[in-house]
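A closer look at the structure
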Amino acid sequence: MDEVFKALADPTRRALLDLLFEQDGQTLTALESRLPMTRFGVMKHLRVLEEANLVVARRRGREKLHFLNPVPIRLIHDRWVSKYAAPWASTLMGLKRELEEEDHGEVPRGRDQPASG
Amino acid sequence: MEKYPEAGISLHPDDTAAVFEIFIKTTPERLWEAITDSELRAKYSFGVATRSDWAPGSTYQAGVPGVVEIAEGENLEVDPPRRLVQTFSALWSDEVRQEGPSRVTWEIEPVGDSCRLTVIHDQLRAGANGELYGGWPMILSGLKTLLETGEALTTPGSLRYSGASA
């Protein structure tokens, strides 16, 4: 997780993620053309993003395409935001239950529900 | 320089693709089981079970019977515990049904005491509805939590269809 925050703590790297968010799967050449920076500089920043797993590279023929991988940011969200989102979930789940089982008086508490069933 | 010189599929020209990657501290066998076991799958997929016999060329259905249909498709390649390639037709709304079939590839690669799981959702229409692939980060985060802690996530989406039945 250190690597993710370090990677995000730089405006150029955030700009690279913005470019991939706008259009996913770009080559180094395409990204370089959008930034006031040398090819080598962009490469260095992309490497930091790849090491943090925020960018994943894949080959397409002879090209190497860069994709925004939002999963590490989702992990950060789930670690700290999920607690605050849970009451919303339980309210929604409670409402759903009530609508589905109108003859059932008990209001379920979302967090304590089994995850499947 | 090349991070994955040997890894996986090469993308087709003109494909629109989304790539998701996560490291999970588990074995390839456990990870494969969590992807293909209907009950385990439901625990981190909004409560939605995926049913199939997982033979190559077989079909799968994802949904909560009588409540909601989520997706269906064919298992094009089944190579446990390394690689699963599926067609993916989203069914949860009229909008996503119109997108037609796309393709989902799961790649599992052991790295030290962990696995790198890559999910590539490709053969998407250019400008495809983001809902088609927008659920993957939450699903993969839930999969990691399940395998590493044995617990299910309690985020709103992860509970969406849990406990729902016809």
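Residue indices begin from 1 for each chain and proceed along its sequence in written order. Each chain is given a letter, starting from A, and each ligand a number, starting from 1, according to the order in which they appear as written. Reporting in this predicted model follows two pLDDT cut-offs: at least 70 for local features of residues, and 80 or more for side-chain atom pairs to be given and counted; totals over whole chains, interfaces and linings ignore these cut-offs and use all residues.

**Thoughts on the overall build of chain A**
Selection criterion: Here a strand is any run of E in DSSP of at least two residues, a helix any run of H or I of at least four, and the numbering for each starts at the N terminus. The burial label depends on the number of other C-beta atoms within 10 Å of a residue's C-beta. Counts of 20 or more mean buried, 12 or fewer mean exposed, and intermediate counts mean partly exposed, with C-beta atoms placed from the backbone. With C-beta atoms placed from the backbone, a contact is any residue pair whose C-beta atoms sit within 7 Å.
On a plain count of helices and strands, chain A comes out with 6 helices and 2 strands. Helices (α) and strands (β) of chain A occur, in sequence order from the N terminus, as α-α-α-α-β-β-α-α. Counting every position in chain A, which comprises 117 residues, the buried fraction comes to 26%. When contacts within chain A are restricted to residue pairs at least 6 apart in sequence, those whose partners lie at least 24 apart make up 44%.

**As for unusual backbone geometry**
All names here are of chain B. Here the bond from P80 into P81 is cis, since omega is -5 degrees, no more than 30 degrees from zero. Structurally, P81 is set in the loop between β4 (68–79) and β5 (83–90). For W54, which is not a glycine, the phi torsion comes out positive at approximately 60 degrees. Mapped onto the secondary structure, W54 falls in the loop between β2 (49–51) and β3 (59–64). Given 16 C-beta atoms within 10 Å, W54 falls into the partly exposed group.

**Quick word on the pairing of strand β7 (residues 114–124) of chain B**
All names here are of chain B. Where we set the bar: A pair of strands is labelled paired if DSSP reports no fewer than 2 bridges between them.
Burial analysis of β7 places 9 of its 11 residues in the buried class, the great majority of the element. Here strand β1 (residues 16–24) pairs with β7 via 8 bridges, running antiparallel. The residue bridging T16 from the neighbouring strand is L124, located in β7. With 9 bridges connecting them, strand β6 (residues 102–111) and β7 associate as antiparallel partners. Opposite W106, over in β7, you have V119 as the bridge partner.

**Re the environment of E107 of chain B**
Residues and elements named next belong to chain B. In this fold, E107 is placed in strand β6. Exposure remark for E107: the 20 C-beta atoms within 10 Å place this residue in the buried category. Note: C-alpha distance between E107 and I35 (72 residues apart in sequence) is 11 Å.

**Regarding the domain arrangement of chain A**
The test is simple: The split into domains, and so the bounds of each, comes from an automatic or database assignment of domains.
The assigned domain composition of chain A is domain 1 (2–69) and domain 2 (70–102). Each partner contributes residues to the interface: domain 1 of chain A has 6 residues there, and domain 2 of chain A has 4 residues.

**Details of the sheet that holds β4 of chain B**
All names here are of chain B. Put simply, the rule is: Note on geometry: axes are C-alpha line fits, over the in-contact stretch for helices, and angles between N-to-C directions span 0 to 180 degrees.
Strand order in the open sheet formed by 7 strands is β1-β7-β6-β5-β4-β3-β2, and the pairing between neighbours is antiparallel. At either end of the open sheet lies a strand with only one pairing partner, and these are β1 and β2. Pairs of neighbouring strands in the sheet enclose a mean axial angle of 25 degrees, with direction left out of account. Pairing of β5 with β6 involves 6 bridges; the strand directions are antiparallel. Paired with L84 across the bridge in β6 is W106. The strands touched by helix α1 (residues 28–36) within the sheet are β1, β5, β6 and β7, with β6 carrying the most contacts at an inclination of about 155 degrees.

**Here's the deal with the nonpolar core**
Quick reminder of the rule: In these notes, a nonpolar core means any group of buried Ala, Val, Leu, Ile, Met, Phe, Trp, Tyr and Cys residues linked to one another through C-beta atoms within 7 Å.
V55 and F67 of chain A together with F20, L31, L117 and L140 of chain B are the most contacted members of the largest nonpolar core, which has 52 residues in total. In terms of residue count, helix α5 (residues 136–149) of chain B provides more of this core than any other element does, 7 residues in total. Once you skip the residues sitting within four places of it in the chain, V55 of chain A turns out to touch L20, L46, L49, E50, H66, F67, L68 and N69 of chain A.

**A closer look at the pairing of β3 of chain B**
Residues and elements named next belong to chain B. Across 3 bridges, β2 lies against β3 in antiparallel orientation. Paired with A49 across the bridge in β3 is G63. Pairing analysis gives 6 bridges linking β3 to β4, with the strands arranged antiparallel. Bridging across to β4, G63 finds its partner in E69. Following β3, the chain reverses through 3 residues before pairing antiparallel with β4; G66 in that reversal takes a positive phi of roughly 85 degrees.

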